[in-house]
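One letter stands for each residue in the lines below.
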Amino acid sequence: MDTRMATKDLVKNGYLNLDIDPDLDLVAEINRLKKEKNAIILAHYYQESEIQDIADYIGDSLGLSQKAAETDADIIVFAGVHFMAETAKMLSPEKKVLLPDLKAGCSLADSCPPHLFKKFKDKYPEAVVVSYINCTAELKTLTDICCTSTNSVHIIESIPEDKQIIFAPDRNLGAYLKKKTGRDLILWNGTCMVHEIFSHEKIAKLKVRHPEALLIAHPECEAHILDSADFIGSTTGLLNFTKENDAHEFIVATEVGIIHQMELASPHKTFFPAPPNNTCACNECPHMKRNTLEKLYICMEHELPEIILEDWVIEKGVKSINRMLEISEKAGLGLKPTVDQD
Ligand code: 13P
Ligand code: SF4
């Protein structure tokens, strides 16, 4: 059986049974399976709140990769998207890494196909390639150093001033880094579908109704949103800002899932999701939201679908992730501020 098959195909081919007894206590079952199988559940802040509540560790992309590298669990269940589970597999190749829905992809990772990026990179043979971790495992094999939104400034600043730098795949984060570091980065033209839909006009109207509210934004947002933000940061950075700042109202320009941890940490504060420029009132990542409690249970019960990577991809790609982890460790970045429910 090909363990890379999507959930739908696993069901069609009879490998998975998705009929769940409605009386089943999913939370109790998942906790039982965690113990029985020595499994750890790692969840990104953009997951459904019920998944966040059952996870052993909730964090941003940097914290999640650090946790995946250090865990002694036999099975890593990744409640996140495909590139995150691939990163966990590259860091812990001897472990079984499961993703509840293999179709939980990422528009940003998809916006940078490795064969096209290779041609782009060949035009700048002297350049150091820095890739945002939101990219495929194969793209990581074409990368010198990975970065996340938490450590991106440190990573760029760790590269000697006389070196050309290619930054992929997020052009918004790239433009932000150019401004922040003063380095002339060569940018790949990719974006995240969630962070490019915020409406400046609707945010301004929300500000009129809530003049005390601070606008906080993820650096994947477009420049005109970042220019008017009171604070810019990774998901962990935004969460910590809302805990530490005295303001009582925040307009949050990132995926709405993070608000669950913000409300848990500061129950007396109010969080408004930044409105998008479409008629739909939500700013959810459809990829992140493919994971459900039901799929989490099924994937732990059957240990499917599993992330499988070719050896050469792991060997080559992990170097760029390890380089990132080394620089982050030296800078004292990571794990501490995220939510560990171990
Ligand atoms: P961080 O949680 O690392 O800020 O990344 C945000 C994101 O878009 C993950 O897909
Ligand atoms: Fe990808 Fe954007 Fe979804 Fe993050 S929020 S997984 S970058 S599509």
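Throughout what follows, the structure given in this document is the object of discussion. (Residues numbered from 1 in each chain as written. Chains lettered and ligands numbered in written order. Predicted model: local features only at pLDDT ≥ 70, side-chain atom pairs only at ≥ 80, totals over all residues. Heavy atoms only, no water.)

### Points about the site of ligand 2
No. 1: In the vicinity of ligand 2, the contacting residues are Tyr46, Val81, Cys106, Ser107, Asn134, Cys192, Val194, Glu220, Cys285, His287 and Met288.
No. 2: When grouped by side-chain class, the residues that make up the shell around ligand 2 number 7 nonpolar, 3 polar and 1 charged. (Near = heavy atom within 4 Å. Nonpolar A, V, L, I, M, F, W, Y, C, P; charged D, E, K, R; others polar.)

### Remarks on the packing of aromatic side chains
No. 1: Scanning the model with the defined rule gives 7 aromatic pairs in all.
No. 2: A ring pair is formed by Phe117 and Phe120, whose centres lie 6.0 Å apart and whose planes are at 40°; its orientation type is tilted. With Phe117 and Phe120 both in helix α7 (residues 114-122) and 3 residues apart, this pair spans about one turn of that helix.
No. 3: With relative accessibility at 0%, the residue Phe117 sits in the buried group.
No. 4: With relative accessibility at 13%, the residue Phe120 sits in the buried group.
No. 5: Measuring from centroid to centroid gives 5.7 Å for Phe120 and Tyr124, while their planes differ by 70°, and the two rings are edge-to-face.
No. 6: Its relative accessible area of 24% is what places Tyr124 among the partly exposed residues.
No. 7: Through a chain of ring-to-ring contacts, the aromatic side chains of Phe117, Phe120, Tyr124 and Trp188 assemble into a single cluster. (Phe/Tyr/Trp six-rings, centres within 6.5 Å; stacked < 30°, edge-to-face > 60°. Helix = DSSP H or I, 4+ residues; strand = E, 2+ residues; numbered from the N terminus. Buried < 20%, exposed > 50% of the residue type's maximum accessible area, 1.4 Å probe, protein only.)

### With respect to the pattern of salt bridges
Opposite charge on two side chains permits pairing when their charged atoms draw close.
No. 1: Enumeration over the complete set of coordinates arrives at 18 salt bridges.
No. 2: In this structure, Glu94 engages Lys95 in a salt bridge whose closest nitrogen and oxygen atoms are separated by 3.6 Å.
No. 3: Under the relative-accessibility criterion, Lys95 is labelled buried at 11%.
No. 4: Close ionic contact of Lys178 with Asp184 constitutes a salt bridge, the shortest N to O distance being 3.9 Å.
No. 5: Taking relative accessible area as the criterion, Lys178 reaches 32% and is therefore assigned partly exposed. (Salt bridge = Lys/Arg side-chain N within 4 Å of Asp/Glu carboxyl O.)

### Remarks on the site of ligand 1
No. 1: Taken together, 13 residues form the shell around ligand 1, and within it His44, Ser61, Ser149, His218 and Thr235 come nearest.
No. 2: Between an oxygen atom of ligand 1 and a side-chain N or O atom of Asn134, the distance comes to 3.4 Å.
No. 3: Contact between ligand 1 and Thr235: an oxygen atom at 2.5 Å from a side-chain N or O atom of the residue.
No. 4: In isolation ligand 1 exposes 300 Å². Once the protein is present, 96% of that is buried.
No. 5: Considering only residue class, the shell around ligand 1 consists of 4 nonpolar, 7 polar and 2 charged. (Polar contact = N/O pair within 3.5 Å; in protein donor to acceptor, adjacent residues only side chain to side chain. Areas by Shrake-Rupley, 256 points an atom, 1.4 Å probe, with all protein chains shown as cover.)

### Topic: the pairing of strand β7 (residues 165-168)
No. 1: Taking every second residue as pointing to the same face, both faces of β7 are buried, with Ile165 and Phe167 on one and Ile166 and Ala168 on the other.
No. 2: Sheet topology note: the strand β5 (residues 128-132)/β7 ladder contains 4 bridges and is parallel. If you follow Val129 over to β7, its bridge partner there is Ile166.
No. 3: Alignment of β7 against strand β8 (residues 186-187), held across 2 bridges, turns out to be parallel. (Pairing = 2+ DSSP bridges.)

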